[in-house]
Amino acid sequence: AQTVTQSQPEMSVQEAETVTLSCTYDTSESDYYLFWYKQPPSRQMILVIRQEAYKQQNATENRFSVNFQKAAKSFSLKISDSQLGDAAMYFCAYRSADWGGSEKLVFGKGTKLTVNP
Amino acid sequence: GAVVSQHPSRVICKSGTSVKIECRSLDFQATTMFWYRQFPKQSLMLMATSNEGSKATYEQGVEKDKFLINHASLTLSTLTVTSAHPEDSSFYICSASWKRGAGQFFGPGTRLTVL
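Figured I'd write up the structure that's included with this text. (Residues numbered from 1 in each chain as written. Chains lettered and ligands numbered in written order. Predicted model: local features only at pLDDT ≥ 70, side-chain atom pairs only at ≥ 80, totals over all residues. Heavy atoms only, no water.)

A few words now on the overall build of chain A. Across its full length, chain A holds zero helices and 12 strands. Going from N to C terminus, chain A has its helices and strands arranged as β-β-β-β-β-β-β-β-β-β-β-β. Its C-alpha atoms give chain A a radius of gyration of 14 Å, within 12% of the compact-globule value 13 Å for 117 residues. Projected onto its principal axes, the C-alpha positions of chain A cover 45 × 25 × 20 Å. Here chain A, with 117 residues, has 49% of them falling under the buried criterion. If you sum the accessible surface of chain A, you get close to 5,900 Å²; carbon and sulfur atoms cover 46% of it. (Helix = DSSP H or I, 4+ residues; strand = E, 2+ residues; numbered from the N terminus. Rg over C-alpha atoms; globule rule 2.2 N^0.38 Å. Buried < 20%, exposed > 50% of the residue type's maximum accessible area, 1.4 Å probe, protein only. Areas by Shrake-Rupley, 256 points an atom, 1.4 Å probe, with all protein chains shown as cover.)

Here is the structure:
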């Protein structure tokens, strides 16, 4: 079974600075998807960024980018120019891409990000 | 695009009653919908996966007779908590997906309080 580990329960960053959230995963599959979701205090889960494992290029979405290291099974999220609105719980998630495989998301335990003004 | 709604956002009920939560995909047809439960300061726990027109697949440890899931159309899934008890109080979240690899899009959640 696949597992996702987020080793940082809490992180903090100064406004306008850069922060990196860590995520590692374990799988025997060769093709899969990785996601970062954000859950602000409203508790609405928001998709931040998505990475397809067969793509070597790291995904980017404006101030959010990932460092995807497939061999190391690492998928970290970098937030640049942090804003107060970035404060939230961040969840890393894994999903199989195999046809016939599970569509379930496997979540990490989350990292609570605090942005200090 | 990819908006998912949930209704109600909050519900308070008495022990022993049943509560129905609706999950709707507003601007796409959801081939698969998922139901999660989230305890305070914890991650999401998948309860079940449902595909339109077929029976839901429940995760191990989730009572299918207590948490009834119906996915009657490509835009609507319902979760009914039957004979609710205080320990069922939680935050319930649904999500929907329209194709493999697209990711899941989440509803805003429903806070259930059972007195």
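So, about the environment of Trp-35 of chain B. All names here are of chain B. Along the chain, Trp-35 falls in strand S4 (residues 32-38). Trp-35 sits 77 residues away from Leu-112 along the chain, and the two C-alpha atoms are 14 Å apart. Within the structure, Trp-35 has its side chain in polar contact with the side chain of Ser-77 (distance 3.0 Å). (Polar contact = N/O pair within 3.5 Å; in protein donor to acceptor, adjacent residues only side chain to side chain.)

Let's shift gears to the environment of Leu-79 of chain B. All names here are of chain B. Mapping Leu-79 onto the fold places it in strand S8 (residues 76-81). C-alpha separation for the pair Leu-79 and Leu-68, spaced 11 residues apart in sequence, amounts to 5.6 Å. In contact with Leu-79, not counting residues within four places along its chain, are Val-19, Lys-20, Ile-21, Trp-35, Phe-67, Leu-68, Ile-69 and Tyr-92. (Contact = heavy atoms within 4.5 Å.)

Here we come to unusual backbone geometry. Residues and elements named next belong to chain B. In this structure, Pro-8 follows His-7 across a cis peptide bond, with omega equal to 0 degrees. Topologically, Pro-8 is positioned in the loop between strand S1 (4-7) and strand S2 (10-13). Even without being glycine, Lys-41 reaches a positive phi, approximately 60 degrees. With respect to the secondary-structure elements, Lys-41 resides in the loop between S4 and strand S5 (44-51). The exposure class of Lys-41 is exposed, given its relative accessible area of 83%.

Right, let's get into the nonpolar core. In this structure, Phe-67 and Leu-112 of chain B are the most contacted members of the largest nonpolar core, which totals 27 residues. Mapped by element, the contributors of at least two residues to this core are S2, strand S3 (19-25), S4, S5, strand S7 (67-73), S8, strand S9 (90-97) and strand S11 (110-114) of chain B. Leu-112 of chain B has contacts with Val-11, Cys-13, Val-19, Val-81, Asp-88, Ser-89, Ser-90 and Tyr-92 of chain B, leaving out every residue within four places of it along the chain. The next biggest cluster of nonpolar side chains, apart from the first, holds 25 residues, and it includes Leu-21, Ala-53, Ala-59 and Ile-79 of chain A. (Core = buried A, V, L, I, M, F, W, Y, C linked by side-chain atoms within 4.5 Å.)

Moving on, we come to the pattern of salt bridges. For the structure shown, the criterion picks out seven salt bridges over all chains. For Glu-52 of chain A, the salt bridge is made with Lys-55 of chain A, and the minimal N-O distance between the two is 3.6 Å. A salt bridge links Lys-104 of chain A to Glu-59 of chain B; the shortest N-O distance between them is 3.1 Å. A residue pair is termed interchain when its members come from two chains, as with Lys-104 of chain A in the loop between strand S10 (88-96) and strand S11 (106-107) and Glu-59 of chain B in the loop between strand S6 (57-58) and S7. (Salt bridge = Lys/Arg side-chain N within 4 Å of Asp/Glu carboxyl O.)

As a further point, take the state of the cysteines. Applying the stated criterion to the full structure yields two disulfides over all chains. Paired by a disulfide, Cys-23 of chain A and Cys-92 of chain A hold their sulfur atoms 2.0 Å apart. With the S-S bond torsion at -70 degrees, the cross-link from Cys-23 of chain A to Cys-92 of chain A turns out left-handed. In this pair, Cys-23 of chain A sits in the loop between strand S3 (19-21) and strand S4 (24-26) while Cys-92 of chain A sits in strand S10, placing the two residues 69 residues apart along the sequence. The disulfide bridge from Cys-23 of chain B ends at Cys-94 of chain B, spanning 2.0 Å between sulfur atoms. As the torsion about the S-S bond is roughly 80 degrees, the Cys-23 of chain B-Cys-94 of chain B disulfide counts as right-handed. Taken together, the residues Cys-23 of chain B in strand S3 and Cys-94 of chain B in strand S9 connect sequence positions 71 residues apart. (Disulfide = S-S within 2.5 Å.)

Okay, the layout of surface pockets next. Its volume calculated, the largest pocket comes out at about 510 Å³. Along the walls of the largest pocket sit 20 residues, with Met-89 and Lys-112 of chain A together with Pro-40, Lys-41 and Gln-42 of chain B positioned nearest its centre. Contributing elements (two or more residues each) for the lining of the largest pocket: S10 and strand S12 (111-116) of chain A. Considered as a void within the structure, the second largest pocket measures approximately 360 Å³ in volume. Around the second largest pocket, the lining comprises 17 residues; the ones closest to its centre are Lys-104, Leu-105 and Val-106 of chain A together with Leu-46 and Glu-59 of chain B. Of all the secondary-structure elements, those providing two or more residues to the lining of the second largest pocket are S10 and S11 of chain A together with S5 of chain B. Of the residues contributing to the lining of the second largest pocket, the split by class is nine nonpolar, four polar and four charged. (1 Å grid on protein atoms, 1.4 Å probe; cavity = no way out; pocket = protein on both sides within 12 Å on 5 of 7 lines; lining within 4 Å. Points joined across faces, edges and corners; volume = space filled by probe spheres on them. Nonpolar A, V, L, I, M, F, W, Y, C, P; charged D, E, K, R; others polar.)

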